[in-house]
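# Examination of the molecular architecture
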Amino acid sequence: MPIARPAEPVALDGVELRVLHVPLVSPFTTSFGTETVREVIVVRVLTAGGDGWGEIVTQADPLYSSEYTQGAWDVAQRFLIPALLERRTVAAEDVAGILAPFIGHRMVKAGLELAVLDAGLRAQGRSLGEYLGAERDRVPSGVSVGIQKTPEALVEAVAGYLDEGYVRIKIKIKPGRDIHDTAAVRDAFGATPLQVDANSAYTLADAAVLAELDRFDLLLIEQPLQEDDLVDHAALSRMLRTPVCLDESIVSLKAARDALALGSASVVNIKAGRVGGYLEAVAIHDLCRDAGIPVWCGGMLETGIGRAANAALAALPGFTLPGDVSASSRFYARDIVTEPAVLEAGHVRVPTGPGLGVEIDPVALDDVTVQRVEIRR
Ligand code: OSB
Ligand code: MG
């Protein structure tokens, strides 16, 4: 459903940006690289009625998408924040339109929009979940498991997450670390809901290898081909029994519409950062719901800020598959919010307090801040 009641417009006095380096509890390896520290940008909008918080989910290097930390840092200060400050009073629903003349940089736009939204909702005493249209008070929690040194080590890692209660396992794959890894997990854990994520590591010429995954009864294969390979994904979809899910390719409502029209995906991963904001994410949810396409909420190793917002989004009715909405402890020993998301019987609670429904821990935030700037109007 479209947003029923708008958030309160906020009078912007300034915006603070911080680059954080948050240590990961274990290295996270995908087809595009290994991270041991989450480099991420946190946004604080300063308003007469109080602060609002958002998160820009870019990574240090442009390997998952064209966006990256220092590019985001630059474009935010040089173009996007000045465009918002020029308005002074801004409603969250207007942020995307104000920033639309600037091409791309969707993760930056999403982080700014979320901060404005948080401030507006806190002023109204409304939760983000209620605002977005959440219909559940908790969401099933899946976990994304990185590539390990060996398939045996992968099985051990997965066993640990299953013991914790995660209800769905996603493993990262890449050429040479696909069939054996998937077979090892499937053999060890029988009927566990299982899916794989290639992060664009294949081409259509690899279709025969990818078809070997059909025997593992996977929920889906996520983003086997490149971001702009909508036509090839459609061709691959016709060659596989495993449902094809798109992540990187779905950069907007328009891209989602095109992908559905072409038959490029039968499942969609929705990440607010990748599509330019939580409002665009809801629009994609609505499109997919009308088309009978299941969606699930992806993750970008969010801190407690984005993790709270993702839980709210994942509580919308079209999110019929478990998302990468895991507990904070999956990635972090110490989060930057006072009450990090925890796993309760395989679920994560949707916050109910005003705005994001989480409070920042200022000491924890300062401890991981490596760069800070404040832009005043
Ligand atoms: O492809 O879903 C992805 C993390 C960083 C970049 C891309 C992806 C991921 C994940 C982790 O799989 C998801 C999470 O935050 O739990
Ligand atoms: Mg993915």
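Residues numbered from 1 in each chain as written. Chains lettered and ligands numbered in written order. Predicted model: local features only at pLDDT ≥ 70, side-chain atom pairs only at ≥ 80, totals over all residues. Heavy atoms only, no water.

Moving on to the coordination of the magnesium ion (ligand 2). Six octahedrally arranged donors around a metal ideally form angles of 90 or 180 degrees; four tetrahedrally arranged donors ideally form angles of 109.5 degrees. Around the magnesium ion (ligand 2), the protein contributes the donor atoms Asp-197 (OD), Glu-222 (OE) and Asp-247 (OD), at 2.1 to 2.3 Å from the metal centre. Each donor residue of the magnesium ion (ligand 2) lies on one chain, and together they are spaced D-x24-E-x24-D. Here Asp-247 lies in the loop between strand S10 (244-246) and helix H9 (253-262) and Asp-197 lies in strand S8 (residues 194-197), a separation of 50 residues in the sequence. A residue is classified by how much of its surface remains accessible, and Asp-247, at 1% relative accessible area, is buried. (Donors = N, O, S within 2.8 Å, 3.2 Å for Na, K, Ca; no water. Helix = DSSP H or I, 4+ residues; strand = E, 2+ residues; numbered from the N terminus. Buried < 20%, exposed > 50% of the residue type's maximum accessible area, 1.4 Å probe, protein only.)

Here we take up the pairing of S8. On a regular strand, one side chain projects to one face of the sheet and the next to the other, so that they alternate. Along S8, one buried face is formed by Leu-194 and Val-196 and the opposite face, lined by Gln-195 and Asp-197, is buried too. In the classification by handedness, the crossover that spans strand S7 (residues 168-172), the intervening helix H6 (residues 179-189) and the parallel S8 is right-handed. (Right-handed = clockwise from strand over helix to strand, strands pointing away.)

Turning our eyes to something else, we now look at helix H12 (residues 304-314). Summarising burial for H12: 11 of the 11 residues are buried, a large majority. Every buried residue of H12 is accounted for by Gly-304, Ile-305, Gly-306, Arg-307, Ala-308, Ala-309, Asn-310, Ala-311, Ala-312, Leu-313 and Ala-314.

Another point: the sheet that holds strand S6 (residues 142-145). Reading across the sheet, the 7 strands line up as S6-S7-S8-S9-S10-S11-S12 and stay open at both edges, with parallel pairing between neighbours. Both outer strands of the open sheet, S6 and strand S12 (295-297), are each paired with one neighbouring strand and no more. Here S8 pairs with strand S9 (residues 221-222) via 2 bridges, running parallel. Pairing of Asp-197 across the sheet is with Glu-222, part of S9. Relative to the sheet, H6 contacts S7 and S8, its axis offset from that of S8 by approximately 165 degrees. (Pairing = 2+ DSSP bridges. Contact = heavy atoms within 4.5 Å. Axes fitted to C-alpha atoms, helices over the stretch in contact; angles between N-to-C directions.)

Before going further, it helps to spend a moment on the packing of aromatic side chains. What describes a pair of aromatic rings is the distance from one ring centre to the other and the angle between the planes of the rings. Evaluation of the coordinates by the stated rule reveals 5 aromatic pairs. A ring pair is formed by Phe-28 and Phe-331, whose centres lie 5.7 Å apart and whose planes are at 90 degrees; its orientation type is edge-to-face. Here Phe-331 lies in the loop between H12 and strand S13 (347-349) and Phe-28 lies in strand S1 (residues 10-30), a separation of 303 residues in the sequence. Side by side, Phe-28 and Phe-331 carry an identical accessibility label, which is buried. (Phe/Tyr/Trp six-rings, centres within 6.5 Å; stacked < 30°, edge-to-face > 60°.)

Taken domain by domain, the chain comprises domain 1 (10-125 + 360-376) and domain 2 (130-349). One C-alpha centre belongs to domain 1, the other to domain 2; they are set 23 Å apart. Taken together, the contacts link 38 residues of domain 1 with 41 residues of domain 2. Both sides together, the interface formed by domain 1 and domain 2 hides about 3,200 Å², and carbon and sulfur atoms give 66% of it. Counting the surface domain 1 buries against domain 2, the share from its top three residues, Phe-28, Tyr-64 and Arg-106, is 21%. Summed over the shared surface of domain 1 and domain 2, the result is 1 salt bridge. Between domain 1 and domain 2 we count 17 residue pairs in polar contact (both at pLDDT 80 or more) in total. Breaking the side of domain 1 that touches domain 2 down by element, the ones donating at least two residues are S1, strand S2 (33-47), strand S3 (50-56), helix H2 (92-99), helix H3 (106-124) and helix H13 (362-368). With 9 residues, the top contributor of residues to the side of domain 1 that touches domain 2 is S1. (Domains from an automatic or database assignment. Buried area = accessible area lost by both parts, 1.4 Å probe. Salt bridge = Lys/Arg side-chain N within 4 Å of Asp/Glu carboxyl O. Polar contact = N/O pair within 3.5 Å; in protein donor to acceptor, adjacent residues only side chain to side chain.)

With 14 residues, helix H11 (residues 278-291) extends 20 Å between its outermost C-alpha atoms, agreeing within 8% with the 20 Å of an ideal straight helix rising 1.5 Å per residue. One or two positions beyond H11, positive phi appears at Gly-292, with a value near 75 degrees. (Expected span 1.5 Å × (residues − 1).)

A separate point is the pairing of S7. Burial analysis of S7 places 5 of its 5 residues in the buried class, the great majority of the element. Across 4 bridges, S6 lies against S7 in parallel orientation. What sits directly across from Val-145, in S7, is Ile-171. Chirality of the crossover, the property in question, places the unit of S6, helix H5 (residues 151-164) and S7 among those that are right-handed.

It is worth spelling out the packing of helix H1 (residues 69-87) against H3 at this point. Look at H1 against H3: their axes get within 10 Å of each other, and the N-to-C directions meet at 50 degrees. Relative to H3, the element H1 is oriented oblique. Between H1 and H3 lies a crossing whose hand is right-handed. Together, Ala-72, Val-75, Ala-76, Leu-80, Ile-81 and Leu-84 of H1 and Val-108, Lys-109 and Leu-112 of H3 make up the contact between the two elements. (Parallel < 35°, antiparallel > 145°, perpendicular 65-115°, else oblique. Left-handed = near helix turned anticlockwise from the far one by under 90°.)

Let us now look at the nonpolar core. Counting residues in hydrophobic clusters, the biggest one holds 122 residues, and the most contacted among them are Leu-128 and Ile-171. Looking at which domains feed residues into this core, each of domain 1 (10-125 + 360-376) and domain 2 (130-349) gives three or more. Not counting residues up to four positions away in its chain, the partners in contact with Leu-128 are Leu-114, Leu-117, Leu-121, Ala-309, Ala-312, Gly-355 and Leu-356. (Core = buried A, V, L, I, M, F, W, Y, C linked by side-chain atoms within 4.5 Å.)

Following the sequence through the fold, His-285 ends up in helix H11. The exposure class assigned to His-285 is buried, which follows from its relative accessible area of 1%. Side chain to side chain, His-285 and Asp-286 meet in a polar contact 2.8 Å long. Residues in contact with His-285, not counting those within four places in the same chain, are Ile-270, Val-295, Leu-316, Pro-317, Gly-318 and Phe-319.

This next bit is on the environment of Val-145. As for its position among the elements, Val-145 is in strand S6. Look at Val-145 and you get buried, because its relative accessible area is 1%. Residues in contact with Val-145, not counting those within four places in the same chain, are Phe-28, Leu-154, Ala-157, Val-158, Tyr-161, Ile-169, Lys-170, Ile-171, Lys-172 and Arg-330.

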